[in-house]
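The primary structure of each chain is shown beneath.
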Amino acid sequence: MARWCYRHRLVVLVLWVGALFGLGAAGTSAGTDYSNVFSLPDTDSKRAYDLMTKAFPESSGDTDTVVWRVDQGASARDADVRSRIEPALKEIAGMKGVGEVASPYASKAAGAAQISEDGRIAYAQVSFAEEANSVPKDLVQDVVDTAQHAERSGLQVELGGQAITRIQEPPTGIAETVGIAAAAVVLFLAFGSLFAMVLPIVIAVFGVGLGMLSTMLLSHVTDIPEVAPLLGSLIGLGVGIDYALFIVTRHRRGILRGMKPEESAVQAMNTSGRAVLFAGGTVCIALAGMLVMNMRFLDGVVIAASLTVILSVLAAITLLPSLLGLLGPRVLSRRQRRRLAATGPEPAEASGLAARWSSYVQKRPRSIAALAFVVMAFLALPLLSLRLGATDQGNHQESTTTRQAYDMLAEGFGPGFNGPLQVVAEETDTGALVSAIRETEGVARVAAAPPAAEGISVINVVPTTSPQSEETDQLIDRLRGDVIPEAGVEAHVGGVTAVFKDFAAVTGDRLPYFVGAIIALGFLLLLIAFRSLVVPLTAALMNLIAAAASFGVLVAVFQWGWGTELLGIGKEGPITAFLPVIMLSLLFGLSMDYQVFLVSRMHEEWVHTKDNARAVRVGLAETSRVINCAALIMICVFSAFVLSGDMEGAMAGIGLAAAVALDAFILRTALVPAAMHLLGRSNWWLPAGLEKRLPHLAVEPREAPEETAPLPHARVGQSDGEGVASVVHGFIRTADGEPVDGATLTLLSKGSGQLDRVTSLADGSYIVAAPSAGAYLLAVTAPGYVARARHIVVADEPLVYDVELALGEMDAVN
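Residues numbered from 1 in each chain as written. Predicted model: local features only at pLDDT ≥ 70, side-chain atom pairs only at ≥ 80, totals over all residues. Heavy atoms only, no water.

Q: Account for the sheet that holds strand β9 (residues 491-494), with residues named and values stated.
A: Taking strand neighbours across the sheet as the criterion, the four strands line up as β7-β8-β6-β9 in an open arrangement whose pairing is antiparallel. Strands at the two margins of the open sheet, each flanked by one partner only, are β7 (443-448) and β9. Neighbour to neighbour, the strand axes of the sheet diverge by 20° on average, direction disregarded. Contacting β6 (421-425), β7, β8 (457-463) and β9, helix α18 (residues 470-487) runs over the sheet at an angle of about 175° to β9. (Pairing = 2+ DSSP bridges. Helix = DSSP H or I, 4+ residues; strand = E, 2+ residues; numbered from the N terminus. Axes fitted to C-alpha atoms, helices over the stretch in contact; angles between N-to-C directions. Contact = heavy atoms within 4.5 Å.)

Right, dumping it as structure tokens:
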């Protein structure tokens, strides 16, 4: 398929562009129909909601609030205040799309409750004809402008409500644009080529664009929450750029090693492309794990995010080869093309900082593992204070009108006014219940509405504490557990605050099952892929550590308020109840990507040499740079969602950015390789009985060595003579223990025939292939050292043979 896409690149490109524009036209004409269904079956708040819907089916439009405050010594009842506010409210009531306006000046009996006791703060309720998501933004802006036009010195007017919140959001796409721009900078620094930089961005744009447009259309046939497209674009941008990065990196490496562009692209798709398919599948499976929670709200998130990931994978394995065909050798920078033409193909050995760090980890695994674990444990400590709940307009930035209105209402009518409870009963005689609620600790005010025609009564309860406080949660528990049963009335506690409390409680109860499901799934996938029990156990433990540390960062920032002013994300509060489920799904999928990419190279080296130390060292040296680059891109994309204007989006962005940073730079670069060095050969242990029963899964097939640049680590086949092929490997070091880079090692037969020739890596390591067991001559030369040779005897097992060089002589030690 990769070769077909490469050769028919124009056809593939036209098909993808046509799909994007076609879905774009359909999505624009159809619009969106997102619905936030937070209620849960078999909960008290859901039963209250059903009764409210039955009693008041016509109250479907959004209700927002106009709040005004006068200076100390004045009153909202003053004639000069009324003369400015009443005309504004009358004008708002006459706007098309506004149902009615409940003014405190309409009647003394009804309006008295809308003016605070000190008379300084009052509010009016504006009911729209449609729900908040359907109210035109132009209408909402007209309402805001008209209300705030009544302001004067000593009279402050602010507005609150869901419809008002929508016009405060930054323009759609700001977060995505900033994230893509930051990723472009990282890609340019990594590749040094404008064309190579553009490729991953184009793939991500197509994947995310088609995913979001498809989600828009699906919102008309199923329940998709409004936050789903934001989360879908967040994960889609990250994985889309990362998947393309893995493939483009392999393709560029193939060209630099002397392959033709077409063959390099096919090989990249057959290796890294397979890994992308596996990684994308694991992300989708992890997202599908959210279905274990049995929450309708999360079903739409699963659909949006999974669809975006699938389209990003399809773009990476079909659109990307066609773009590689259009670019040809221009995927390399001009400097790289000139150097390739002048000096020929590059060697395949890893060198530089990555190789030196890998050797350092091998030398000091205990200290590095201990330090990394201490850092992760310290960051995870705030997790002990995690409290799930919901954000509201009290968490908005202080400069917003919604936050100002929220604070003014809390000042004038008490902190619980912004989160009233509704006690709904299926009978009209609720006098005893009203009296009992009025005497309950934590209740500020109680007002019973006239019974509906269906015999349903609604009692409005204003707590003394804010909607997000633990005391309000305790009040709900008291009403449900003590007050209502003692009153002998069949009643249920509802309202937005009660709904989110139930949502958080159900999430906390079901979260362990969800975590267990995705951890078990990851264990099974890695067990099949790497034929080991210890590797998947290590990965499961690392995923839990990464999740704990990232949630610790989330609690410190959003719940404790550390750095909220610096980040400009408003006031601290509880962590949104559904966020742990979404973050754990995404974190699991991304961690699996990095784990597979890292350990697959280690596993390949282990199969060659049966030397765990070398396998871990080489695997880390050859993959850490790409993993860190991919992680840096993810961090840029996720962090940019602080600019989304959505508190949940900011939480998800910061949480995932922290998770990726900790996972890539501490776990996969330090703790995982250090732990694997300490575990030694047991990393690759698998019971013989289990080995026979497990299916075989090739994540990334081994590449055949090319004629232009034979791999020094290539697997050796059977020789013409008797005996089993083996290898000789070790380190070339000076007398001071410093590695010797670029030393040439030649393995000669008894008849002085050359069997293999390699050069040592930056960390001094080498590996030469022996066709069979027997006696050989190993010759070593290095600039500044006298060339000498030693006889070695190779058995059926790999031979570890270290060489110490000194000026003027060569000493071989084992």
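Q: Kindly report on the packing of helix α22 (residues 579-609) against helix α23 (residues 612-639), identifying the contributing residues and their values.
A: Interhelical geometry of α22 versus α23 gives an angle of 160° and a closest axis separation of 8 Å. By the angle class used here, α22 and α23 are roughly antiparallel. Viewed along their axes, α22 and α23 form a crossing whose handedness is right-handed. (Parallel < 35°, antiparallel > 145°, perpendicular 65-115°, else oblique. Left-handed = near helix turned anticlockwise from the far one by under 90°.)

Q: Describe the nonpolar core, naming the residues involved and giving the relevant values.
A: Ranked by size, the top nonpolar core spans 158 residues in total, and within it Met290, Leu298, Phe558, Ile633 and Phe638 carry the most contacts. Considering every element that reaches this core, the biggest residue donor is helix α24 (residues 647-679), with 18 residues. Excluding its chain neighbours within four sequence positions, the residues that come into contact with leucine 298 are Met290, Met293, Phe578, Val581 and Ile582. With 30 residues, the next largest nonpolar core counts Ile85, Val98, Tyr105 and Val140 among its residues. (Core = buried A, V, L, I, M, F, W, Y, C linked by side-chain atoms within 4.5 Å. Buried < 20%, exposed > 50% of the residue type's maximum accessible area, 1.4 Å probe, protein only.)

Q: How would you sum up the side chain of serine 103? Please name residues and give values.
A: By the secondary structure assignment, serine 103 is in the loop between β2 (98-102) and α5 (108-111). Separated by 3.1 Å, the side chain of serine 103 and the backbone nitrogen of tyrosine 105 make a polar contact. (Polar contact = N/O pair within 3.5 Å; in protein donor to acceptor, adjacent residues only side chain to side chain.)

Q: Provide a residue-level description of the packing of aromatic side chains, including the pertinent values.
A: For the structure on display, the rule yields eight aromatic pairs. With a centroid separation of 5.3 Å and 85° between ring planes, the pair formed by tyrosine 123 and phenylalanine 413 is classed as edge-to-face. Residue tyrosine 123 is found in strand β3 (residues 121-128), and its partner phenylalanine 413 is found in helix α16 (residues 401-413); the two are separated by 290 residues along the sequence. Considered together, tyrosine 123 and phenylalanine 413 belong to a single accessibility category, that of buried residues. Geometrically, the ring pair formed by tryptophan 606 and tryptophan 684 is stacked, given 5.8 Å between the ring centres and 15° between the ring planes. Highlighted residues: tryptophan 606 in helix α22 and tryptophan 684 in the loop between α24 and α25 (688-693), separated in sequence by 78 residues. (Phe/Tyr/Trp six-rings, centres within 6.5 Å; stacked < 30°, edge-to-face > 60°.)

Q: Tell me what's going on with the sheet that holds β3, and back it up with residues and numbers.
A: With respect to topology, four strands assemble into an open sheet ordered β2-β3-β1-β4, the strand pairing being antiparallel. Pairing within the sheet leaves two strands with one partner each, and these edge strands are β2 and β4 (155-160). The sheet shows a mean angle of 20° between the axes of neighbouring strands, taken without regard to direction. Strand direction decides the pairing type here: β2 and β3, joined by four bridges, are antiparallel. Among the inter-strand pairings, valine 101 is bridged to a residue of β3, identified as valine 126.

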